[in-house]
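The primary structure of each chain is shown beneath.
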Amino acid sequence: MEISVVFPVYNEAKNLKKLHEETREVLKNNFEEWEEIYVEDGSEDNSYRVLEKLSEDDDHVKVIKFRRNFGQSAALMAGFDHAEGDVVVSMDADLQNDPKDIPKLVDKLKEGYDCVSGWRKNRKDSIGKRFSSWVQTHLSMRTGPDIHDFGCTLKAYRKEAVKDINLYGEGHRYIPAKLYKSGYKITEMEVNHRPRKHGRTKYGTGRLFRGFYDLIFSYFWNQFSVRPLHFLGGIGTVFMSVGFFIGLYRVIMKYAFGVPVLPHLAQLLLAVGLLLFGFLLFMFGILAEMLAKTYYEERKPYVVEEKKGL
Ligand code: UDP
Ligand code: MG
C-alpha cells in the first residue's frame, strides 16, 4: 500500500462527505494505491452512519468504531495501528486541514525525512486557542525539535516512524517531541488552514492546563520512563545518606566522647525519618520501574467495537 490517510472523527457528521470527496480527488490524482481510515471516536451524532455509507460506496474507505469517546490520541493511535501504507498521513476530520497539502508533504518526506509536520502559519482559530498553542509549543520546544507548530494534526510519516508512536492521554500534542527523542528526522512545511464551518471545536480553554500537565509528565517520561529508579532512587539516596551521617555522628559522639544521645532526640528522630523517607522513595522507584515495564506494553489505549473494510 502506497499511502494511508488517518482521520480521528468525533461529531463531524456534516463534514465527512465533503472531506471524503476532497481527499479522494487528491489521492486519486497523485497515488496508485491508497486507503482512507476513519476512526469514529464514540460520536453522539450520526457520524458512524455517514461513514458506513461512504465505506459501502468506496473500497478505499475503512472505518473503525470505538465503543465510546476515547479521545483524539486514542483515535489516531488506532488509525496508525491499522494503517498499511508505506506513508501514513494524519488529518483533522473537520475540513480545517486541506487534503491538497498531502502530495506536498509526501514529496518532502521522500527527501529523506521520517516525519513532515504541518505548520499552520496562517491559522484560522480563535485568539485564545492560538495563544494556548503558542505557550505549549514554546514549552515543548525544550524537549523536542525546533519546529513552529506541534499541534497541527496534518503530518506525514514514514511507516517505521508511525509504527513506533505510542499515544495515550493527550499525547498527540507531543508527537514531534517523542519522535525526536527516538532519533527520527523531523521537518516542517507550511500548510493551508481553514476556519471550521460545521460542528464545533472539542477543546475549550481548559486545553492549556491539560496540556501543561501532559507536558510535565512527558518531560519526566522522556527523562525517566526507562529508568524511574534513577530519578527516585537518586533522591532517596540523598535523604538516606543525610540520615545515615546524622545518626553516625550521634553514635561517634556517644562512644568516643561519652555524649549521651537522648538530649539530642530531635536529631535522632531526624536521622531515622530521613532514612525511612529515603528508603520509601527507593521503593517507589522500584515500583515505578515495574509499572513502566509492563503497563503500556500490555494494553491498547482504546477498545474497538466494529470495523468496516478492514
Ligand atoms: N477528535 C476526536 N476525538 C475527540 C476530540 C476530537 O477524534 O475526543 C477529532 C475531531 O473530530 C477532529 C480532530 O480530532 O477531527 C481535532 O478536533 P478539533 O477540531 O475539535 O480540534 P481543534 O481544531 O479545535 O484544535
Ligand atoms: Mg479543528
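Everything that follows concerns the structure shown earlier in this document.
All of these numbers come straight from a predicted model, not from anything done at the bench.

Engineer: Go over the sheet that holds strand β6 (residues 155-158) with me, naming the residues and quoting the values.
Structural biologist: The mixed open sheet is built from eight strands, whose spatial order is β7-β5-β6-β4-β1-β2-β3-β8. With one partner strand each, in any of the chains shown, β7 (186-190) and β8 (304-308) form the two edges of the open sheet. Averaged over all adjacent pairs, the angle separating strand axes in this sheet is 20 degrees, with direction ignored. The pairing of strand β4 (residues 87-90) with β6 spans four bridges and is antiparallel. Note that in β6 the partner of V89 across the bridge is A156. The sheet contacts of helix α1 (residues 13-30) involve β1 (3-9), β2 (34-40) and β3 (61-66), and relative to β2 the element is tilted by about 160 degrees. Helix α2 (residues 47-57) rests against β1, β2, β3 and β8 of the sheet, and its axis sits at about 155 degrees to β3.

Engineer: Tell me what's going on with unusual backbone geometry, and back it up with residues and numbers.
Structural biologist: Positive phi, close to 55 degrees, is recorded for N11, a residue that is not glycine. The backbone of L95 shows a phi angle near 70 degrees, a positive value even though the residue is not glycine. In this fold, L95 is placed in the loop between β4 and α4 (102-110).

What counts, and where the lines are drawn
- Residues numbered from 1 in each chain as written.
- Chains lettered and ligands numbered in written order.
- Predicted model: local features only at pLDDT ≥ 70, side-chain atom pairs only at ≥ 80, totals over all residues.
- Heavy atoms only, no water.
- Pairing = 2+ DSSP bridges.
- Helix = DSSP H or I, 4+ residues; strand = E, 2+ residues; numbered from the N terminus.
- Axes fitted to C-alpha atoms, helices over the stretch in contact; angles between N-to-C directions.
- Contact = heavy atoms within 4.5 Å.

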